Amino acid sequence: MEINIRKSGDTNIIGLSGSLDIYTSIDLKNFFEQNIDRNNNNVVINLEKLNYIDSSGIGMLIKQLNYVQELNGKFFIANMKAAIEKVFKVAGLTSYFQTLSEAEFTSQFP
């Protein structure tokens, strides 16, 4: 998995590509610990290039959502592919995460 970050105003846009699974989820945790803090706490996770996610990856996204909320930040997930969105729906998590469509993401974070 590759992780990249860019800023848009006061928001961190974190792009994930490849697979978020049992083998790579700890990389995301470490990335958040190094890059997200009280002064830098709004996050959009861009899943446009994510090809695969398993339960460990979903669990790590939940942990990072909670981490951001503890810092009083906002957390969004954007650009879910249909297969990834299906995993979120099956897990009953579509209402748990705030999501942005491709159009919403593009207009808010050009």
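Quick caveat: nothing in here was measured; it's all calculated off a predicted structure.

Caption draft 1: Inspection of the nonpolar core at higher detail. If you look at the biggest cluster of nonpolar residues, it comprises 25 residues, and the most contacted ones within it are F32, I45, L61, F75, I77 and F88. When residues of this core are traced back to their parent elements, those giving at least two are β2 (11–20), α1 (25–35), β3 (42–53), α2 (55–70), β4 (75–78) and α3 (82–90). Contacts of F32, omitting those with residues within four sequence positions, involve I14, V43, I45, Q64, Y67, V68 and F75. Of all hydrophobic cores here, the second largest spans six residues; its members include I13, V44, A78 and L100.

Caption draft 2: Examining the sheet that holds β2 more closely. The strand order β1-β2-β3-β4-β5 describes an open sheet built from five strands, whose pairing is mixed. Strands at the two margins of the open sheet, each flanked by one partner only, are β1 (2–8) and β5 (98–100). Averaged over all pairs of adjacent strands, the angle between their axes in this sheet comes to 25 degrees, without regard to strand direction. Bridge count for β1 against β2 is seven bridges, and the pairing is antiparallel. Residue E2 lies in a different strand from β2, and its bridge partner there is S17. Contacts from α3 reach β3 and β4 within the one sheet, and its direction differs from that of β3 by about 105 degrees.

Caption draft 3: Geometry of the side chain of S8. Structurally, S8 can be placed in strand β1. Overall, S8 belongs to the buried group, its relative accessible area being 17%. Setting aside residues up to four positions removed in sequence, S8 forms contacts with I13, Q108 and F109.

Caption draft 4: Seen up close, the pairing of β4. Sheet analysis places β3 next to β4, joined by four bridges and oriented parallel. Among the inter-strand pairings, V44 is bridged to a residue of β4, identified as F76. In terms of handedness, the path from β3 via α2 over to β4 forms a crossover that is right-handed. Here β4 runs beside β5; their pairing, made up of three bridges, is parallel.

Caption draft 5: Spatial organisation of unusual backbone geometry. For N72, which is not glycine, the phi dihedral falls at a positive 65 degrees. Locating N72 in the fold gives a position in the loop between α2 and β4. Judged by its relative accessible area of 65%, N72 falls in the exposed class. Even without being glycine, N79 reaches a positive phi, approximately 60 degrees. Its place among the elements puts N79 in the loop between β4 and α3.

Rules of the game
- Residues numbered from 1 in each chain as written.
- Predicted model: local features only at pLDDT ≥ 70, side-chain atom pairs only at ≥ 80, totals over all residues.
- Heavy atoms only, no water.
- Core = buried A, V, L, I, M, F, W, Y, C linked by side-chain atoms within 4.5 Å.
- Buried < 20%, exposed > 50% of the residue type's maximum accessible area, 1.4 Å probe, protein only.
- Helix = DSSP H or I, 4+ residues; strand = E, 2+ residues; numbered from the N terminus.
- Contact = heavy atoms within 4.5 Å.
- Pairing = 2+ DSSP bridges.
- Axes fitted to C-alpha atoms, helices over the stretch in contact; angles between N-to-C directions.
- Right-handed = clockwise from strand over helix to strand, strands pointing away.

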